[in-house]
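Read off the chains here:
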Amino acid sequence: MDNRKRDIFESSGRYTRDFSHFKKKLVKYLNAYQIKKIEKAYSLANEAHSGQLRKDGEKYILHPLSAASILADFQMDHETLMAAILHDVIEDSQFDKSHLMKTFGPKVSELVDGVSKLDKINFTTKEEADAANLRKMILAMSQDIRVILIKLADRKNNLETISALREDKRVQKAKETLEIFAPIALRLGIHSLNKELENLSFKAIHPTRYRVLKDALNKSRGNRNELMEKIRKVILSKLDNEQIKTEVIAREKHLYGIYKKMKQKELSFSEIHDVFGVRIICENVDSCYRSLGTVHNTYTPIPGRFKDYIAIPKSNGYQSLHTSILGPHGLPIELQIRTREMDVMAQTGIASHWFYKSKDKPLIKNYTQEQQWITNLLTIQRDSGNPQEYLKSIKADLFPGKVYVFTPKGQIVELPKKSTIIDYAYSIHTDVGNNYSSAKVDDKLTSPNTVLKSGQRVEIITKASIRPDPSWLNFAVTEKARHSIRASLKLIKKKDAKILGKRLLQNSLKNFDIKISEIPKKTLNMVLQEYKCDTVDDLYCEIGLGNRIAKLVAMRVAPRDNITEKTKSVGVNIKGTEGLVLSFAKCCYPIPGDNILGHISQEKGIVVHRHACKSIRKDKKASDETFDLAWDENINDSFNACIKIEVENQRGVLASISSEISQLDSDIVSVRYDDSKQTGHNIMIFVVTIFDTKALDKLVRSLRKNSNVLKIERKRA
Ligand code: MN
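Residues numbered from 1 in each chain as written. Predicted model: local features only at pLDDT ≥ 70, side-chain atom pairs only at ≥ 80, totals over all residues. Heavy atoms only, no water.

## What to know about the sheet that holds strand 11 (residues 458-462)
Strand pairing in a sheet takes place through backbone hydrogen bonds and is either antiparallel or parallel in direction.
No. 1: Reading across the sheet, the 3 strands line up as 10-9-11 and stay open at both edges, with antiparallel pairing between neighbours. The sheet is open, and its two edges are formed by strand 10 (444-446) and strand 11, each paired on a single side. Across the sheet, the axes of successive neighbouring strands diverge by a mean angle of 35 degrees, strand direction being ignored.
No. 2: Direction of pairing for strand 9 (residues 436-441) relative to strand 11: antiparallel, over a ladder of 5 bridges. Bridge pairing in strand 11 links A439 to I460.
No. 3: Its contacts with the sheet put helix 19 (residues 421-428) on strand 9, strand 10 and strand 11, and the angle it makes with strand 11 is roughly 75 degrees. (Pairing = 2+ DSSP bridges. Helix = DSSP H or I, 4+ residues; strand = E, 2+ residues; numbered from the N terminus. Axes fitted to C-alpha atoms, helices over the stretch in contact; angles between N-to-C directions. Contact = heavy atoms within 4.5 Å.)

## Examining the environment of S656
No. 1: In this fold, S656 is placed in helix 26 (residues 653-663).
No. 2: For S656, a relative accessible area of 24% puts it in the partly exposed group.
No. 3: Between the alpha carbons of S656 and N706 there is a distance of 8.4 Å; along the sequence they are 50 residues apart.
No. 4: If we ignore the near neighbours within four places in the chain, the residues touching S656 are N706 and N708.
No. 5: Only 3.0 Å separates the side chain of S656 from the backbone oxygen of V653, close enough to count as a polar contact. (Buried < 20%, exposed > 50% of the residue type's maximum accessible area, 1.4 Å probe, protein only. Polar contact = N/O pair within 3.5 Å; in protein donor to acceptor, adjacent residues only side chain to side chain.)

## Observations concerning the side chain of H87
No. 1: Relative to the helices and strands, H87 is located in the loop between helix 4 (78-85) and helix 5 (89-92).
No. 2: A relative accessible area of 1% means that H87 is categorised as buried.
No. 3: A distance of 3.1 Å separates a polar atom in the side chain of H87 from a polar atom in the side chain of D154.
No. 4: If sequence neighbours within four positions are ignored, H87 has contacts with H63, P64, A67, V112, V115, S116, I150 and D154.

## A closer look at the coordination of the manganese ion
No. 1: Ligation of the manganese ion by protein atoms is provided by H63 (NE2), H87 (NE2), D88 (OD) and D154 (OD), these donors lying 2.2 to 2.5 Å from the ion.
No. 2: Coordination of the manganese ion draws on donor residues from a single chain, spaced H-x23-H-D-x65-D in sequence. Residues H87 and D88 agree in their burial class; the two are buried. (Donors = N, O, S within 2.8 Å, 3.2 Å for Na, K, Ca; no water.)

## Points about the nonpolar core
No. 1: Membership of the largest hydrophobic core comes to 107 residues, with the highest contact counts inside it found for F22, L81, L86 and I280.
No. 2: Counting residues in hydrophobic clusters, the runner-up holds 55 residues, among them L539, V553, I574 and I643. (Core = buried A, V, L, I, M, F, W, Y, C linked by side-chain atoms within 4.5 Å.)

## Describing the confidence of the model for the protein chain
No. 1: Residues at a pLDDT of 70 or more form 90% of the protein chain, whose mean pLDDT is 84.
No. 2: Between the elements of the protein chain, mean pLDDT differs from a low of 68, seen in helix 17 (residues 368-383), to a high of 96, seen in helix 4.
No. 3: Counting contacts from residues 1-13, a segment whose pLDDT is below 50, to residues more than four positions away or on other chains yields 30 contacts. (pLDDT = per-residue confidence, 0-100.)

## Here's the deal with the sheet that holds strand 16 (residues 626-631)
No. 1: Taken in spatial order, the 5 strands line up as 12-16-14-15-13 in an open sheet, and their pairing is mixed. Strands with a single pairing partner mark the edges of an open sheet, and in this sheet they are strand 12 (572-574) and strand 13 (582-584). Sheet twist, expressed as the mean angle between neighbouring strand axes with direction ignored, is 40 degrees.
No. 2: Two elements, strand 13 and strand 15 (residues 605-610), share 3 bridges in a ladder whose sense is parallel. Bridging across to strand 15, F584 finds its partner in V608.

## Regarding the pairing of strand 19 (residues 682-690)
No. 1: Of all 9 residues making up strand 19, 8 are buried, and the element is well covered by its neighbours.
No. 2: Summarising the sheet, strand 17 (residues 639-647) and strand 19 pair through 9 bridges and their orientation is antiparallel. Of the residues in strand 19, the one forming a bridge with I643 is F686.
No. 3: Pairing analysis gives 5 bridges linking strand 18 (residues 668-673) to strand 19, with the strands arranged antiparallel. Residue pairing across strands places Y673 opposite M684, the latter belonging to strand 19.

## Topic: helix 13 (residues 255-264)
No. 1: Looking only at helix 13, the buried set comprises L255, Y256, G257, I258, Y259 and M262.
No. 2: In this structure, the buried residues of helix 13 make contact with helix 10 (167-187), helix 11 (191-205) and helix 12 (207-241).
No. 3: Just downstream of helix 13, E266 is the residue with a positive phi angle, here 50 degrees.

This is how it looks when you write it as structure tokens:
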């Protein structure tokens with residue numbers, strides 16, 4: 001729309017051209033004496049930076065001048081503007097603090113000192129220096145809030161002119177802005193600076209994504225213009241009829257906000273519905289509510305979307321009415337309705353204090369909450385030991401949705417709230433997650449589903465032989481962990497399936513006196529085509545996953561003469577390490593030593609049962625869906641077995657049985673009471689880990705000696 005307005009505090013240029021250009025902003029709200037003082041500061045800065053160039057070849061002075069110009073848009077007082085012009089003088093020239101003190105007085109020199117960095121020589125790492133500088137700045141800001149406003153303007157202009165910097169420096173500056181300075185701007189209610197800092201950082205980190213998204217926005221703005229203009233006209237004319245004086249502005253979400261939403265909710269650009277909205281600026285609070293009534297009368301409001309932040313302001317002082325309506329073509333449109341003061345307030349936050357001071361208007365809000373927050377930052381500063389820890393605490397404070405934990409080497413890892421050890425492991429490296437074996441939190445062994453808290457030190461112990469556990473998906477919260485677990489399980493399952501499938505086919509072929517290598521190529525290709533497999537490995541996979549039955553595949557590929565089946569029936573050996581493609585039935589709990597068979601089920605793939613299992617014996621044993629299996633000779637794993645114990649109804653029975661079980665190197669996986677039979681005794685069903693039938697016999701014999709045990713048996717299906 002033609003008269004689409006930029007936010008009033010948004011500046012466009014990279015550098016302010018020169019002092020006279022800058023001065024045009026000053027005459028609007030400062031007196032001649034104040035402007036004179038600013039001019040004096042400028043001439044000193046000009047002298048201090050004479051001969052210095054920016055990385056992009058421009059005169060250095062243009063940078064502090066531009067920072068001051070950004071602050072002039074907020075109509076900041078003359079001291080702030082002076083300090084902004086002088087902000088790099090202490091750091092980068094021969095003039096020191098005492099010189100500024102003598103020339104411009106204590107207020108200005110303190111402000112400049114507040115944004116000046118500490119001497120680099122005092123630090124060994126950049127991280128340490130950053131933390132110490134931030135600490136210094138926050139201390140200065142607690143004494144004079146204008147320090148942070150200068151710092152934010154400085155940062156904004158640095159980002160505006162960042163393209164001349166090396167890529168790594170660019171990304172690092174932008175990241176720091178997203179982590180520290182943009183959130184501080186938001187915390188102080190300066191939404192306009194917050195959005196600009198975010199957009200500029202986004203552009204510096206992901207130039208291509210930024211451009212693509214910007215193009216998409218421009219295109220869709222073209223499509224939306226007509227529609228928004230229509231709404232604007234309708235609302236304006238209705239409000240005019242009601243004699244409510246307003247300004248109706250079409251507005252759009254900032255690029256980084258759109259990007260964040262797309263990423264978080266995994267949406268495409270076209271799926272974001274609140275990109276465009278309408279803002280109605282009214283003369284007073286009364287007309288805000290009357291405008292709302294008119295809008296709701298004209299368009300259907302969407303239930304549950306109305307919020308009255310005028311009556312109940314947000315904690316940072318933000319005031320506005322919010323509602324959503326169904327516009328033309330049933331398109332949802334977000335509306336903000338507020339007074340001009342509230343609008344200025346929403347964009348400038350704490351800086352509105354100076355904005356109104358310059359107009360001799362009373363403040364519309366006092367900043368006790370912001371003061372409280374800054375005091376809180378000071379407490380953090382007092383309580384935290386080293387600079388890194390301080391940086392972490394500040395970040396934790398700025399991002400309440402995050403936790404910050406340490407690696408054993410003291411590096412900080414940022415994770416979303418509710419993240420677990422597994423999320424942490426994957427955030428370090430996919431391999432660390434995939435090979436996760438155990439973890440220590442603050443030197444104590446901890447289970448993988450433990451939810452992390454800020455400040456904890458986490459150590460992951462890995463083992464190359466270990467594979468991800470499907471149960472991790474029940475508690476991992478980060479996308480990286482969940483994605484990596486799923487991807488790696490899929491891969492493992494395929495590998496497992498291939499190996500098992502090959503063995504199953506080899507074994508079935510024994511009955512036809514033929515080896516895999518002896519299958520004629522022509523036959524094999526025909527079968528592969530028939531089964532829609534590209535390679536033999538794919539076929540093994542299909543068999544291993546239980547999608548194809550080995551016996552039938554064998555019959556299909558065996559030469560006709562061999563089809564008279566010989567009854568060798570040698571079982572396929574299993575080790576229990578077949579992984580995700582083989583599972584052990586929970587009806588009969590087979591363990592090494594048992595006679596076993598495999599059963600192919602649609603949902604579960606291949607399941608191992610005992611021969612004696614009733615659920616298998618009934619009808620399925622003869623069918624093609626079962627086949628013989630045998631245990632490998634060398635098995636080192638333990639398996640689950642189920643035993644039923646009938647005991648006296650006495651205190652301490654469970655404890656005595658439990659301790660006996662653990663003394664025999666078994667673990668209790670689960671225990672439950674079976675009260676289906678009214679025997680007057682307790683019947684307990686234990687699932688325990690055990691190596692084989694021999695070990696189980698030993699366990700049963702030992703438990704029989706327990707005087708409380710009346711009856712004990714291995715549970716049948
Ligand atoms: Mn600077």
